[in-house]
Amino acid sequence: MTSFDSSPQLNVWRALLAVGVVFVMLATTGWTAVHSHRGESPLQASRSAWEHGVIAGHRLPSPDASPPRLAHFFASLSTPQRSRLAHRYPLAVGNMNGAPVELRYQANRVALGQQREVERARTHDDRLSPVGQQEADRRMQRFQALMRNHRQILAFDPEGTGRVAEVFGNLDRAQRISVVVPGVDTDVLTFQRTFRPYSAPVGMARSLYRAEHAASPGTRTAVIAWADYTAPGGLGMEAATAMRAKEGAVRLDALVRALPGRAPVQLYCHSYGSVLCGVAAHRLPARVSDIAVAGSPGMRSQSAAGLRTTARVWAMRDADDWIQDVPYLEVGGLGHGADPVSGGFGARVMSARGAKGHAGYFVPGTTSLHNFAAIGTGTYQAVRCLGDGDACRAALPGAARA
């Protein structure tokens, strides 16, 4: 996702790429960044408390234990015991891969309520500037919105600009699971938008979930709006490098490995999210059946084969998407490599008709969304390729894989 659609931003991107090599050389020859030292974040504090906690006289397992180990631990507890842990250590449990998803939803509702009150207090804190108080009010309102209508919040971290993930559908019973991976300028405040809703993770995921149901009503699907990584802010140096993508790739791999059941997983990676998916591709488990990128600046690879994944790799780009003007190269760590929709890359290139620019791929009624839904439900023969041919559907099954 990105909110940058004008040529001045493209000029900035090109300039950054031009000077970036010098920056990298300086950075690798002694220049260091100075970071302020802060106390524990709310999530770290919750995890620390968990590490010293007990239940029924027994120490709790490490929060970094494997998902199967943690799943076994929670299965050994009674319902009241699990609920007690969710209320004592809400951020720890709410972000714990291996904890039952319903318990994570419960824990994150508790955590959101607690953080809402923190922000409410900050709105009246005289030590903050009027702008700071206004920002606190916006965060308070967002946390309140995430608590409404039994929303299924799978991950939540209020630190910094915030991280969050939300589930649409029943994750435990799903036959196929889709994960939407957004791009730059994604945080807790931009997770959902009223204006241009389909440019934000919630709108993207909800639209995809509805389209999947329409495409194959008999297929049980779940869609995750996954903004549980720290995305670059704008088209600056971070967006031109893979630093945030590498951090996010670790988190995406952990998410996929902890998903319940054995349902195949499809990734939908938009803009900088496709950089993250490209970096993660080689490490992801085999249950990831498809990786589809839209409006990609590159996947940090010169070819689909170079991603070293068993997943099918799909790509699309709208004819009016400004991302096509970004240089598809990688020099000294700047830039993200070859164009995924180019013939030489080797992806299955789909039509994006109707998307209208960089942020319209999930808009209802577009061919791009139709294609995403076909992949999500496993009805691959319904995918519409770029042009009039059927090259993108070569050697594909036509029925859903459950």
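Residues numbered from 1 in each chain as written. Predicted model: local features only at pLDDT ≥ 70, side-chain atom pairs only at ≥ 80, totals over all residues. Heavy atoms only, no water.

### A short note on the overall build of the chain
Part 1: Check the secondary structure of the chain and you find twelve helices and ten strands.
Part 2: Buried residues in the chain amount to 53% of all 402 residues.
Part 3: Considering only residue pairs separated by 6 or more positions, the chain has 68% of its internal contacts joining residues 24 or more positions apart. (Helix = DSSP H or I, 4+ residues; strand = E, 2+ residues; numbered from the N terminus. Buried < 20%, exposed > 50% of the residue type's maximum accessible area, 1.4 Å probe, protein only. Contact = heavy atoms within 4.5 Å.)

### As for the confidence of the model for the chain
Part 1: In the predicted model, the chain carries a mean pLDDT of 91, and 89% of its residues have values of at least 70.
Part 2: Below pLDDT 50 for its whole length, residues 1-6 participates in 29 contacts with residues either more than four positions away or in separate chains.
Part 3: Across residues 18-37, where pLDDT falls below 50, the model places eight contacts with residues more than four positions away in sequence or in other chains. (pLDDT = per-residue confidence, 0-100.)

### Notes on the nonpolar core
Part 1: Within the largest apolar cluster, 53 residues are counted, with the highest numbers of intra-cluster contacts made by Leu171, Val179, Ile224, Trp226, Leu252, Leu267 and Ile291.
Part 2: For this core, the leading source of residues is helix H11 (residues 272-280), giving six residues.
Part 3: Not counting the four nearest positions on each side in its chain, Trp226 is found in contact with Val164, Ala165, Val179, Val180, Val181, Pro182, Gly248, Arg251, Leu252, Leu255 and Leu276.
Part 4: Phe156, Phe372, Ile375 and Cys385 belong to the second largest nonpolar core, which has 42 residues in total. (Core = buried A, V, L, I, M, F, W, Y, C linked by side-chain atoms within 4.5 Å.)

### A word on the packing of helix H10 (residues 243-258) against H11
Angle between the axes and distance between the axes: these two values describe a pair of packed helices.
Part 1: As a packed pair, H10 and H11 sit with axes 8 Å apart at the nearest point and diverge in direction by 60°. With respect to each other, H10 and H11 are oriented oblique. The crossing of H10 and H11 is right-handed. Counted together, Met243, Arg244, Ala245, Lys246, Gly248, Ala249 and Leu252 of H10 and Tyr272, Val275, Leu276, Cys277, Val279 and Ala280 of H11 form the full contact between these two elements.
Part 2: Among the residues forming the contact of H10 with H11, the class breakdown is ten nonpolar, one polar and two charged. (Axes fitted to C-alpha atoms, helices over the stretch in contact; angles between N-to-C directions. Parallel < 35°, antiparallel > 145°, perpendicular 65-115°, else oblique. Left-handed = near helix turned anticlockwise from the far one by under 90°. Nonpolar A, V, L, I, M, F, W, Y, C, P; charged D, E, K, R; others polar.)

### A short note on the sheet that holds strand S7 (residues 265-270)
Part 1: Here eight strands make up an open sheet; going across it, the order is S3-S4-S6-S5-S7-S8-S9-S10 and the pairing mixed. The open sheet terminates on both sides in strands that have one partner only, identified here as strand S3 (152-157) and strand S10 (348-349).
Part 2: As paired strands, strand S4 (residues 163-168) and strand S6 (residues 221-227) are joined by five bridges and run antiparallel to one another. By the bridge assignment, Ala165 is partnered in S6 with Trp226. (Pairing = 2+ DSSP bridges.)

### Let's talk about the pattern of salt bridges
Part 1: Taken as a whole and assessed by the stated rule, the structure comprises 16 salt bridges.
Part 2: Of the charged contacts, one joins Glu119 and Arg139 as a salt bridge, the two residues approaching to 3.2 Å between their closest N and O atoms. With Glu119 in helix H6 (residues 101-122) and Arg139 in helix H7 (residues 130-147), this pair connects stretches of sequence that are 20 residues apart.
Part 3: Glu119 sits in the buried class, given a relative accessible area of 5%.
Part 4: In the salt-bridge network here, residues are joined through shared partners; they are Asp157, Arg163, Asp228 and Arg251. (Salt bridge = Lys/Arg side-chain N within 4 Å of Asp/Glu carboxyl O.)

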